[in-house]
Amino acid sequence: MSKTLSVGMSTSKKLVVTAEDVKKFADLIHDHNPIHLDPEAAKKAGFPNCICHGMFAGSLFSGLMATEMPGPNTVYLSQNTRFIAPIIVGDEIEVHISLLKFRRDKGLMSLKTEVRKQDPVKGEVVCATGTAVCLNKNITFEGETPEWTANE
């Protein structure tokens with residue numbers, strides 16, 4: 001069954017980042033930087049608690065693309081991400097993607113990607129932002145799209 005998408009459609013998922021999640025990710029990628037695993041080291045570095053690996057947050061886009069939008073059979077082709085604010089263990093984050101443009105003839109999509117959290121003082125904070133390109137030949141596109149240049 002084909003899913004129909006149009007520019008501007010979006011999806012998101014909320015989750016709480018746990019120390020166990022960060023430890024599993026650290027073990028998987030062999031990055032045991034103490035600021036991710038040792039609360040005292042994180043405090044010495046100026047954080048209130050351990051911080052999440054930036055790429056842990058960035059990797060959550062993949063799951064959202066595979067399960068929600070575009071959906072099953074999506075191939076993740078590229079990602080650029082800028083890390084803006086730390087994600088502290090215990091933070092509830094929202095992983096968000098939205099369709100920026102598509103190439104109907106190729107099944108290609110450009111997505112805006114963001115990870116956000118709520119800060120009691122600052123309100124909503126963007127922790128990571130960027131764009132991703134993915135491919136899914138089972139998608140039907142509706143409406144118009146901004147031009148896709150050769151550089152993308």
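Residues numbered from 1 in each chain as written. Predicted model: local features only at pLDDT ≥ 70, side-chain atom pairs only at ≥ 80, totals over all residues. Heavy atoms only, no water.

A.B. asks: Looking at this structure, how should I read the UniProt feature "domain: MaoC-like" (unreviewed entry) in the protein?
C.D. replies: Mapped onto the present numbering, the UniProt feature "domain: MaoC-like" (unreviewed entry) falls on residues 10-101. Between the first and last C-alpha atoms of residues 10-101 the distance is 12 Å; the span itself is 38% helix and 28% strand. (UniProt positions renumbered as here; feature names shortened; annotations may be inferred. Helix = DSSP H or I, 4+ residues; strand = E, 2+ residues; numbered from the N terminus.)

A.B. asks: How do you make sense of the environment of Ile-88 when you look at a structure like this?
C.D. replies: Here Ile-88 shows up in the loop between β3 (75-83) and β4 (92-103). Overall, Ile-88 belongs to the buried group, its relative accessible area being 10%. In this structure the C-alpha to C-alpha distance between Ile-88 and Lys-117, which are 29 residues apart in sequence, comes to 9.9 Å. Apart from the residues lying within four places of it in its own chain, the contact partners of Ile-88 are Phe-47, Pro-48, Asn-49, Cys-50, Ile-51 and Lys-117. (Buried < 20%, exposed > 50% of the residue type's maximum accessible area, 1.4 Å probe, protein only. Contact = heavy atoms within 4.5 Å.)

A.B. asks: It is not clear to me how the sheet that holds strand β6 (residues 123-135) should be interpreted in this structure. Could you clarify?
C.D. replies: Backbone-to-backbone hydrogen bonds pair the strands of a sheet. The strands run either parallel or antiparallel. Pairing within the open sheet is antiparallel, and its five strands lie in the order β2-β4-β5-β6-β3. Two strands lie at the open edges of the sheet, namely β2 (10-16) and β3, each paired on one side alone. In this sheet, adjacent strand axes meet at a mean angle of 20 degrees when their direction is disregarded. Examined bridge by bridge, β3 and β6 share eight bridges and lie antiparallel to one another. The residue bridging Thr-81 from the neighbouring strand is Gly-130, located in β6. Against the sheet, helix α4 (residues 54-67) makes contact with β2, β3, β4, β5 (108-119) and β6, and its axis sits at roughly 55 degrees relative to β4, the strand it touches most. (Pairing = 2+ DSSP bridges. Axes fitted to C-alpha atoms, helices over the stretch in contact; angles between N-to-C directions.)

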